[in-house]
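# An overview of the molecular structure
So you can see what is in the structure, the chains are spelled out below.
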Amino acid sequence: MVNFKELGLVNTREMFKKAVDGGYAIPAFNFNNLEQLQAIITASSETKSPVILQVSKGARNYANQTLLRYLAEGAVQYAKELGCEHPEIVLHLDHGDTFELCKSCVDMGFSSVMIDGSSLPYEENIALTKKVVEYAHQYDVTVEAELGVLAGVEDDVVAEESHYTKPEEVIDFSQRSGCDSLAISIGTSHGAYKFKPEQCTRDPKTGRLVPPPLAFNVLHEIEKKLPGFPIVLHGSSSVPQEYVDIINKFGGNLPNAVGIPEEQLREASKSAVCKINIDSDSRLAYTAGVRETLAQHPDYFDPRQYGKVARNYMIDLYKHKIVDVLGSDNKLA
Ligand SMILES: [Zn+2]
């Protein structure tokens, strides 16, 4: 058993309070490997941004939970090495689906966990969330819960249809579950195909798909019910066309990939939304770098040759998100 404080990590409590008060959002970037982690820490350190490192159940299976934990511990030291005197780094479990998984992460040094009971009946979601909160809070680990259902595919999490969070439920849910933050559903979606073409309109100038707007009315109602309470948006990649184009140009096939427009995420960041989850965009930047490099240099076989390009694409992407979309830059002491 190790507590996150021994690893130099922080929980989300103070971080979220400052973000809500300051009208910005903390980036929550998923990672599975070394290059992604290097890129996240480089971008957040150079921009002086707090950051949430997210590990999904699938990432734990892919990379091994012990390795991931030590990578996160190393990330704190790496941030210091990069000149960040007081890094604020959270290690967070994304979409925990059982009490046992959440407990195991708390015991392994995670500073924050999500228990996703959103597919359960309302009362069962409260009961499961409460059980995780009671355990996690003994170790000062913060807990994210979810109410409402997002569409899309993320690791094992698959939902055909979305159901917006019901604002009339949020007070009761947050009070009885004791959660520290709440992921809501207002039209964001997991994956790189967030909307079917028939749900979108087409931009007459570029011919590109324009997704339906987020339900800001639902967000604002929730904010009124729970003033200052930290709200989380999942499935908030923008699916930048530049990376999709590179992938498709160099042998990939991602037709009609579509994400959430950045203007809408920028607007959400100014509200009680204080954590925005971004995963697919990093995968796209990574894959674009690898495909482009290998297509242009058929003789390359050293993973560092294409890993470096992929890493640089991700660094640019993360910095752009921090500075131009979420506004979390220059927030560290
Ligand atoms: Zn999610």
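Reference entry: report on the structure contained in this document. Since the structure is predicted, the reported quantities are computational estimates derived from the model, not experimental observations.

Nonpolar side chains tend to gather and get buried jointly when the protein is soluble and globular. Grouped together as the largest cluster of nonpolar side chains are 95 residues, with contacts concentrated most on Ile-40, Leu-53, Val-113, Leu-182 and Cys-274. Ranked by residues supplied to this core, first place goes to helix α12 (residues 303-326) with 10 residues. Not counting chain neighbours up to four residues away, the residues in contact with Leu-182 comprise Ala-145, Leu-147, Val-170, Ser-174, Phe-229, Ile-231 and Val-232.

Attention now goes to the environment of Ser-174. Note that Ser-174 resides in helix α7 (residues 170-177). Linking Ser-174 and Glu-146, residues 28 residues apart in sequence, is a C-alpha distance of 9.9 Å. Those residues within four positions of Ser-174 in sequence are excluded, and the remaining contacts are Cys-179, Leu-182, Leu-226 and Phe-229.

Here the focus is helix α1 (residues 13-22). All of the buried residues in α1 are Met-15, Phe-16, Ala-19 and Val-20. For α1, the buried positions fall inside an angular range of 125 degrees around the axis, keeping them on one side. Turned more than 90 degrees off the buried face of α1, the exposed positions are Glu-14 and Asp-21. Tucked into the core, α1 has its buried residues touching β1 (26-30), β3 (89-96), β8 (181-184) and β13 (273-278). Gly-23 sits one or two residues past α1 and shows a positive phi near 70 degrees.

Cut-offs used in this document
Think of each chain on its own: its residues are numbered from 1, step by step along the sequence as written. Totals for whole chains, interfaces and linings use every residue, but because this is a predicted model, local features are given only for residues with pLDDT of at least 70 and side-chain atom pairs only at 80 or more, for both listing and counting. Here, a nonpolar core denotes buried Ala, Val, Leu, Ile, Met, Phe, Trp, Tyr and Cys residues that are linked to one another through C-beta atoms within 7 Å. With C-beta atoms placed from the backbone, a residue is labelled by how many other C-beta atoms lie within 10 Å of its own: buried for 20 or more, exposed for 12 or fewer, partly exposed between the two. Helix and strand definitions follow DSSP, with helices as H or I runs of at least four residues and strands as E runs of at least two, each counted in order from the N terminus. What counts as a contact here is a pair of residues whose C-beta atoms, placed from the backbone, lie within 7 Å. In this description, one arc is meant: the one made by directions from the helix axis to the C-beta atoms.

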